[in-house]
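Structural overview for review
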Amino acid sequence: MNRYFDSQFNKHIVTIYPGEFHCSGGEEYISTVLGSCISVALYDRTIQFGGLNHFMLAYDQTSSKENDALAGRFGEYAMELLINTMLKHGAQKKHLTAKVFGGSNVLGSNENSKTPLVGAANIKFVFDYLEREQIPVISSNTGGDRPRKIFYDPKSSKIWLKHIRKTVREEEFIKKKESEYVHKVQEKKEHAGDIVWF
């Protein structure tokens, strides 16, 4: 997690990375960059309080515990962590709404890939999960093959989204970072654009 002041928005920004989440009712924005990963923005309109997570894989095949340092990288834990933290801050589940972003196919898919169609699997997981939990999805921007950068205002639930142009440098950077995240998870297993407001 990283904090800085952004002169364009005139706001403090909290940047989250895979496995992290942040909740706030204050004046700060929450930001992240997504490739095949997913971010869910939850919001309780009655208390004007929101939160954003960032997970990289839908399920943990290693039976991690929720207090494990890597647990938040898996959707099945990341969603529980975000929802439970929202409830601890006074949100009520019946008032929660969701916005969903990410799931691009930036890593590609082939026979040699250890992570074929990660983005598509993440998208299916998160929509199924939210339907099961009866949390309505009021907007989403998922799929495709371009990374996204989002800024989330947890006080109003507005999302500023920009698709990242796939220059060779940017594309290789995103692929490198996502491959590093996947490699860390694999190690654990072995040992155990356009601008849019939403």
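Up top is the structure these notes are about.
I will try to describe carefully the structure that is included in this document. As the structure is a prediction and not an experimental result, all values here were calculated from the model.

This brings us to the packing of helix α1 (residues 75-88) against helix α2 (residues 118-132). Contact geometry of α1 with α2 gives a least axis separation of 11 Å together with a crossing angle of 45 degrees. Of the possible angle classes, the one that applies to α1 and α2 is oblique. Relative to α2, the crossing made by α1 is right-handed. Within the contact between the two elements, α1 uses Gly75, Glu76, Met79, Glu80 and Ile83 and α2 uses Phe125, Val126, Tyr129 and Leu130. Here the residues of the contact of α1 with α2 are counted per class, giving six nonpolar, one polar and two charged.

As a further point, take unusual backbone geometry. The backbone phi angle of glutamine 48 is positive, close to 50 degrees, even though this residue is not glycine. Along the chain, glutamine 48 turns up in the loop between β5 (38-44) and β6 (49-53). With phi around 75 degrees, serine 157 is a residue other than glycine that occupies positive phi space. Here serine 157 shows up in the loop between β9 (148-153) and β10 (158-163).

Right, let's talk about the pairing of strand β7 (residues 96-102) for a bit. By the criterion of burial, β7 is predominantly enclosed, with seven of the seven residues buried. Here β5 runs beside β7; their pairing, made up of seven bridges, is antiparallel. Residue pairing across strands places alanine 41 opposite lysine 99, the latter belonging to β7. With five bridges joining them, β7 and strand β8 (residues 137-142) adopt parallel strand pairing. Within the sheet, the bridge partner assigned to glycine 102 lies in β8 and is threonine 142.

What counts, and where the lines are drawn
Residues numbered from 1 in each chain as written. Predicted model: local features only at pLDDT ≥ 70, side-chain atom pairs only at ≥ 80, totals over all residues. Heavy atoms only, no water. Axes fitted to C-alpha atoms, helices over the stretch in contact; angles between N-to-C directions. Helix = DSSP H or I, 4+ residues; strand = E, 2+ residues; numbered from the N terminus. Parallel < 35°, antiparallel > 145°, perpendicular 65-115°, else oblique. Left-handed = near helix turned anticlockwise from the far one by under 90°. Contact = heavy atoms within 4.5 Å. Nonpolar A, V, L, I, M, F, W, Y, C, P; charged D, E, K, R; others polar. Buried < 20%, exposed > 50% of the residue type's maximum accessible area, 1.4 Å probe, protein only. Pairing = 2+ DSSP bridges.

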